[in-house]
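In case you want the letters, here they are:
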Amino acid sequence: MAVRVLSDAGVQRAYTVPADSFLDLLDVLQFESPLTLVNARQETAAAFMAEAEGKLREIPAVLLGARGAGVVHLLSGVRNAAQDESPLVVLLADRPSVNLTGDDADDFDPLELFRPFVKWSARAEVAAEVPGLLAEALGEVQRGRRGPAVLAVPDDFWIAPYGGPVPQIPVQPDRTGALLRSADEVAGLVADARYPVVIAGAGVRAARDELVAVAEQLGLSVYNAFRRQDAFPENHARYAGHLGLGIPARQLDALDRADLVLAIGTRLDEVTTQNFRYPLPGQTLVVIGTGLTPTRRRGLTFRIECEIGPFLRELSAVAIPRTRRSSAANAATHTFMTPPDTRDSAYVHPAEVVRAVRKTVPEDTIVTSDSSKFAGFVHRYWCFTAPHTQLGPADRGTGYAVPAAVAAKLTEPKRCVVAMTGDGGLLSTGQELETAVRYRAAVIIVVSQNGLYGELAMHQARAHGRLSGVALEHVDFAAWARSLGAVGYTIESPEQLEPTLARALRHQRPSLLDVRTDPDVIDPDVRLSALFRADRST
């Protein structure tokens, strides 16, 4: 019955590292269920996969956690689901309901690990509760602010008979009247504003077309929140920029001039707000979305708790069209996103890698990344134009790119999926390339191998003028990929990039491109050697 509840809710896959904690559930999932069971190689990677699918589909996947210490490895993915508002259902194997030994000293309560990071948690006390609690969890992860839910189920409950009806997932009440009143109020604020600006986040992805229509109708300048660059097309005339790291002042022109800021479907985190600088105290802030948390700021703030798609449609219906000039931030953004001249690099320049991949792959390619320094080049030089094309953690998430790519390809098998990662990130969870081979998920992994933990190297060079513990030995990743059953290539010059990518696309097999990039180019705007020279001059 539990599997029936999941299937009726649209769940398609369950991710796990197999264990004897849920033997009967594994058997049902493998042989008697419409769900696909995906067996990963490591628990953190399985959690990243499940989170990435929820982010991409807007419908949760299931993550199975076994008893024992391995459950701790799920925390990174679950926390990421909480930070990124990704729907996710976690089923934890709990100790049997009948404890014959009576000794719990060697066990621990897994729910206590997850409670700080989940929206909802529960433990099934009797077997008959499991289907109903599962339906409650499925409703909760998509109600209000999306996020993870965790349900602990004793091992022996999966084989218990159930004779009750199929539980129904709670439906959110219709709020059309409240939406209309809120849309009227916001329409009035926009009409009175001289420079209204939107910050679009993860919650907008399902209502992207509505946001584009409203921005065009009302002449709004739109920024994308940190690592949410597919929320609004970056080639649109109303686009003002990505509120990421290292944004130049001229790209913040629209935010500096704004008198009204509409934060739609976004958390106003440290990076998005540029170290909590924006919105400025004199700017009116309207926060629109579900599961809103209190905003502590100086200045007039309104909070509108609602689903974003219906709200934007109401706003479009009641607002008076307005023509406003595009912000100077739009032109500054296009300049900022233009790759530099890379001919003086000793090895392949990371910007050249991004340019070549972007040029070669289809427009709707799904790009996954993690928190490596290489991700900064992806954020800056990849122009995201199609919806649901970016998967990356808003917070630090080393090793996210490869597992997320595997899940994305399983979810969208007809689309090209490229994982953009560094050598540090690849060595964290890159073994999931074997999972891609096993499930015939034809992902392309592009690894920028510069032999450094780049983020830490940059901070060390600035702070101490020397490096400590950040060097990585060069690995023959192409040979390693071939040993796992994938296709492997080594790239040592820019001229090899496009032809090799074209070959990888034709293969339609999991492929890895080991690109030897310049370790001196640590950041789009920073050379490591320049930091050392600056230290010697002080």
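Below is a short write-up of the structure.

Criteria and thresholds
- Residues numbered from 1 in each chain as written.
- Predicted model: local features only at pLDDT ≥ 70, side-chain atom pairs only at ≥ 80, totals over all residues.
- Heavy atoms only, no water.
- Core = buried A, V, L, I, M, F, W, Y, C linked by side-chain atoms within 4.5 Å.
- Buried < 20%, exposed > 50% of the residue type's maximum accessible area, 1.4 Å probe, protein only.
- Helix = DSSP H or I, 4+ residues; strand = E, 2+ residues; numbered from the N terminus.
- Contact = heavy atoms within 4.5 Å.
- Polar contact = N/O pair within 3.5 Å; in protein donor to acceptor, adjacent residues only side chain to side chain.
- Pairing = 2+ DSSP bridges.
- Axes fitted to C-alpha atoms, helices over the stretch in contact; angles between N-to-C directions.
- Salt bridge = Lys/Arg side-chain N within 4 Å of Asp/Glu carboxyl O.
- Parallel < 35°, antiparallel > 145°, perpendicular 65-115°, else oblique.
- Left-handed = near helix turned anticlockwise from the far one by under 90°.
- Nonpolar A, V, L, I, M, F, W, Y, C, P; charged D, E, K, R; others polar.

Examining the nonpolar core
Turning to step 1, where the next piece is worked out: Counting residues in each nonpolar core, the largest one holds 49 residues, and the members touching the most others are Tyr 15, Leu 63, Leu 92, Phe 114, Ile 445 and Leu 512.
Turning to step 2, where the next piece is worked out: Ranked by residues supplied to this core, first place goes to helix H14 (residues 401-411) with eight residues.
Turning to step 3, where the next piece is worked out: Discounting residues that sit within four places of it in the chain, Leu 92 has contacts with Gly 65, Val 71, Leu 74, Pro 110, Leu 111, Phe 114, Val 150, Leu 151, Ala 152 and Val 153.
Turning to step 4, where the next piece is worked out: In this structure, Val 11, Ala 14, Leu 64 and Ala 137 belong to the second largest nonpolar core, which totals 34 residues.

Structural notes on the environment of Glu 305
Turning to step 1, where the next piece is worked out: You can see Glu 305 is positioned in strand S12 (residues 301-305).
Turning to step 2, where the next piece is worked out: Residue class for Glu 305 comes out partly exposed when judged on its relative accessible area of 33%.
Turning to step 3, where the next piece is worked out: Glu 305 sits 126 residues away from Leu 179 along the chain, and the two C-alpha atoms are 9.0 Å apart.
Turning to step 4, where the next piece is worked out: Polar side-chain contacts of Glu 305 include one of 2.4 Å to the backbone nitrogen of Gly 291.

Some details on the sheet that holds strand S18 (residues 511-516)
Turning to step 1, where the next piece is worked out: Ordered in space as S14-S13-S15-S16-S18-S17, the six strands form an open sheet in which the pairing is parallel. In the strand order of this sheet, the two ends are held by strand S14 (390-391) and strand S17 (487-491), each with one partner.
Turning to step 2, where the next piece is worked out: Pairing of strand S15 (residues 417-422) with strand S16 (residues 444-449) involves five bridges; the strand directions are parallel. Each residue of the ladder has a partner; that of Thr 421, found in S16, is Val 447.
Turning to step 3, where the next piece is worked out: Packing against the sheet, H14 makes contact with strand S13 (366-369), S14, S15 and S16, and its axis sits at approximately 175 degrees to S15.
Turning to step 4, where the next piece is worked out: The strands touched by helix H19 (residues 497-507) are S16, S17 and S18; relative to S17, the strand with the most contacts, the crossing angle is about 175 degrees.

Considerations on the pairing of strand S5 (residues 120-123)
Turning to step 1, where the next piece is worked out: Burial along S5 is one-sided: Trp 120 and Ala 122 are buried, and none of Ser 121 and Arg 123, which face the opposite way, are.
Turning to step 2, where the next piece is worked out: With four bridges joining them, S5 and strand S6 (residues 148-154) adopt parallel strand pairing. If you follow Trp 120 over to S6, its bridge partner there is Ala 149.

A look at the pattern of salt bridges
Turning to step 1, where the next piece is worked out: The tally for this structure, following the rule as stated, stands at 31 salt bridges.
Turning to step 2, where the next piece is worked out: Notably, a salt bridge pairs Asp 84 with Lys 55, separated by 2.7 Å at the nearest N-O pair. Residue Asp 84 is found in helix H4 (residues 75-84), and its partner Lys 55 is found in helix H3 (residues 43-57); the two are separated by 29 residues along the sequence. The pair Asp 84 / Lys 55 is uniform in exposure class, with both members buried.
Turning to step 3, where the next piece is worked out: Residue Arg 355 pairs with Glu 498 through a salt bridge whose shortest N-O separation is 2.9 Å. Note that Arg 355 is positioned in helix H12 (residues 350-360) and Glu 498 in helix H19, a separation of 143 residues in sequence.

Some words on the packing of H3 against H14
Turning to step 1, where the next piece is worked out: Contact geometry of H3 with H14 gives a least axis separation of 8 Å together with a crossing angle of 45 degrees. Relative to H14, the element H3 lies oblique. For the crossing formed where H3 meets H14, the hand is right-handed. Within the contact between the two elements, H3 uses Ala 45, Phe 48, Met 49, Ala 52, Glu 53, Leu 56 and Arg 57 and H14 uses Pro 403, Ala 404, Val 406, Ala 407, Ala 408 and Thr 411.
Turning to step 2, where the next piece is worked out: Classifying every residue of the contact of H3 with H14 gives 10 nonpolar, one polar and two charged.

Considering the side chain of Lys 373
Turning to step 1, where the next piece is worked out: Tracing the backbone through its elements, the reader meets Lys 373 in helix H13 (residues 373-381).
Turning to step 2, where the next piece is worked out: Given a relative accessible area of 15%, Lys 373 falls into the buried group.
Turning to step 3, where the next piece is worked out: For Lys 373, the contacting residues outside a window of four places in its chain are Gly 454, Glu 455, Met 458, Ile 522 and Asp 523.

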